[in-house]
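# Remarks on the overall topology
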Amino acid sequence: MAAPQSVTHLDLKRLTNRTFHPSPVAWEDQVLYFLLLDRFSDGKEQGFRDNRGRRVTRGATPVFRPGDEGNAIRTEPEAAVWREAGTRWCGGTLKGLTSKMGYLRRLGVTAVWVSPLFKQCSFVSTYHGYGIQNFLDVDPHFGTADDLRELVRVAHANGIYVILDIILNHAGNVFAYDRGNTPYDGSTVYPVTGFRSADGTPNLPFGSMDPAANPDAWPHGALWPREFQRSDAFTRKGYIRDWERYDEYLEGDFFDLKDIHLGYGEADFFRPSPALLALCEVYKYWIALSDVDGYRIDTVKHMGAGATRYFVSVIHEFAQAIGKENFYLIGEITGGRTNAFLTLETTGLNAALGVDDIPLRLEDLVKGRTNPVDYFDLFRNSLLMRKESHAWFRDKVVTVIDDHDQVCRGAKKERFCAGDPMWRRLVLNALALNATTLGIPCIYYGTEQSFDGEGGDDRYLRECMFGGPFGAFRTHGVHFFDEENPVYREFAKILAIRREKTVLRRGRQYLREISGDGVTFGLPYVIGGEIRSVVPWSRIFDTEEMVLAINTDVNASRTAWVLVDGSLHREGALFSCRYSTDPSQIRRTTTVKRINDAILAILVTVPAAGFVMLERR
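Everything numeric in this text was worked out from a predicted model, so none of it was measured.

### Let's talk about the packing of aromatic side chains
Applying the stated rule across the entire model yields 45 aromatic pairs. Both rings, one in Trp-243 and one in Phe-255, keep their centres 5.2 Å apart while their planes meet at 45°; by these two values the pair is tilted. Linking Trp-243 in the loop between strand 7 (192-195) and helix 7 (246-251) with Phe-255 in the loop between helix 7 and strand 8 (263-264), this pair joins segments that are twelve residues apart in sequence. For Trp-243, a relative accessible area of 27% corresponds to the partly exposed category. Classification of Phe-255 by relative accessible area gives exposed; the value is 58%. Ring pairing ties together the aromatic residues Phe-34, Phe-64, Trp-113, Tyr-444, Tyr-445, Phe-451, Phe-473 and Phe-480, which thus form one cluster. In this structure, Lys-100 is placed above the aromatic ring of Phe-48, and the distance from its NZ or CZ to the ring centre is 4.2 Å. Directly above the aromatic system of Phe-175 lies the positively charged group of Lys-258, at a separation of 5.2 Å from the ring centroid.

Set out below in structure tokens:
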């Protein structure tokens, strides 16, 4: 179907005259999976299991085998081609993603977060989706609006919600300033040469235009819908230099992406601009058309609290009016945890994406580099939250390990498994820790297959899953939808237990003290620059406690006495091993021992580089 040219052409009343897929009761029950659409699947793989679990024999791309690693970089010219491919479109599509809903369901994913899929400027390779040229159309590299509707339908049939990544702060590089250098200086509003045509030439009028009179404007030129062609739709103050200066990061261009003027005033006195009103209609339209279940909102820090609050209110009300009572809005909020907390409290966003400190603290804990308390204390800041931490962090923070741009790392980008091959032995622990501690866990595509991308550019975190020209492990021509991969297989077992146990999704959380002799207890800590130890924690919900533990020692199993809640258990009670990376431990029991009049403990053994889950019998 043809994309509308104006928000006035959107017939929301007709589109909403149907029954919509209901929202989940609790988003903390969900497991998210984030993927870059261009890098996930082109639908041409063979040997994977389809949505019904049947082995697919058609297709041109075989599954990855260990001997394939490095097949794209055997010579320097080949390596150069592979590296360059990572900067361009690689071929992932909506239909390809639709064909992998079974792969995600069997892993335990219940919500898929899809990178921006709206039409991009045609003269640059913004395969990541963050350079929009038409807010009311799907980029043809990905497919069509009908393909999106089919994706959501199939996802819902597989018990998977769909969250779209959206942008309000900026459009693509859709116009050119009339001078070469346009740094933000706080006062200059730069004149514009014109909107860009399909080849990037700024030869279109900078204002609302009729495609009949300006044939280069539709569909690949200028910016659409028509409401964004007004000159006052943009701040036009040049590119950001100081990313921490409030007015500058609010009004400046995000590199060459053009800042949209969203309105005036602080949150309590905010007045939306015509552009923000149009964006509200745009994103109502995509809900009405496709039946998606949530949005992840990009660059919230750069929008301002007033614009964010206005948009959140409009979208929540619209979604509730059509029966989506818990439509989820996740904000990418950089600038530290205090800023994230205040932004959520001020704007009504449902959750923040925990990209600042959680990924590095989690990684350092699993790799034995830091005291466990450094990670667990991220979820205990009751002074900041001014409320019980488990009630806030449970569903207000989306937690990740790997992600697509790693703002927390600076110039050097690397996935968890990058570098030392030993880290591949620990990636299951990282996924398990993320899934069984507070927050809404999110898997970044490929982590379940131990992807190890690294380099000085975001591209190295964005490998192809499907055998494209920029495949993971420096490959091409092989795909990675391998359900026999030990990390995929074991993590699926862990997520199945999480799905069954309310305590793992909604319970309070405590880092537990340990003892080697059963007498002297203390929190595990770094000795000599590393920690090689059992690291246990408890989740408690009502009268149920589960004890979970990782072992940061990759070479030997570790055993320790672990404290349990003295008010919930009695001496002589039994805990049973519900899961272990050593299958022989499953169903074995350990007895609660009274250490003194005040505390109880159980003896826990964790395999080398392993993970265990224990519950009361």
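### Comments concerning the layout of surface pockets
Its boundaries defined by the atoms lining it, the largest pocket holds a volume of some 980 Å³. If you go around the largest pocket, you meet 40 residues; those closest to its centre are Phe-254, Phe-255, Asp-405, Asp-458 and Arg-462. Each residue belonging to the lining of the largest pocket can be placed in one class, and the counts come to eleven nonpolar, 16 polar and 13 charged. Estimates place the volume of the second largest pocket at around 640 Å³. Within the residue set of the lining of the second largest pocket, elements represented by two or more residues are helix 7, strand 8, helix 9 (305-321) and helix 10 (337-347). Considering each element in turn, the lining of the second largest pocket owes the most residues, five residues, to helix 7. For the lining of the second largest pocket, the residue count by class is 15 nonpolar, twelve polar and seven charged.

### Here we look at the sheet that holds strand 25 (residues 600-606)
Strand-to-strand pairing in sheets goes through backbone hydrogen bonds, with the strands running parallel or antiparallel. Judged by pairing direction, the sheet is antiparallel, and its four strands sit side by side in the order 18-21-25-24 without closing on themselves. Where the open sheet ends on each side, the last strands, each with one partner, are strand 18 (514-515) and strand 24 (593-594). In the sheet, strand 21 (residues 558-564) pairs with strand 25 via seven bridges, with the strands oriented antiparallel. The residue bridging Leu-563 from the neighbouring strand is Ala-601, located in strand 25.

### A look at empty space enclosed by the protein
Where empty space is left can be seen by rolling a probe of water-molecule size over the atoms. One pass over the full model with this rule turns up two cavities of 30 Å³ or more. Volume-wise, the largest cavity comes out at about 170 Å³. What lines the largest cavity is a set of 16 residues, among which Arg-337, Ala-340, Gly-354, Asp-357 and Val-397 lie closest to the centre. Those elements that place two or more of their residues in the lining of the largest cavity are helix 10, strand 12 (351-354) and helix 14 (389-396). Along the lines of polarity and charge, the residues of the lining of the largest cavity split into eleven nonpolar, two polar and three charged. In this structure, the second largest cavity encloses a volume near 30 Å³.

Scoring rules and cut-offs
- Residues numbered from 1 in each chain as written.
- Predicted model: local features only at pLDDT ≥ 70, side-chain atom pairs only at ≥ 80, totals over all residues.
- Heavy atoms only, no water.
- Phe/Tyr/Trp six-rings, centres within 6.5 Å; stacked < 30°, edge-to-face > 60°.
- Helix = DSSP H or I, 4+ residues; strand = E, 2+ residues; numbered from the N terminus.
- Buried < 20%, exposed > 50% of the residue type's maximum accessible area, 1.4 Å probe, protein only.
- Lys NZ or Arg CZ within 6 Å of the ring centre and 35° of its normal.
- 1 Å grid on protein atoms, 1.4 Å probe; cavity = no way out; pocket = protein on both sides within 12 Å on 5 of 7 lines; lining within 4 Å.
- Points joined across faces, edges and corners; volume = space filled by probe spheres on them.
- Nonpolar A, V, L, I, M, F, W, Y, C, P; charged D, E, K, R; others polar.
- Pairing = 2+ DSSP bridges.

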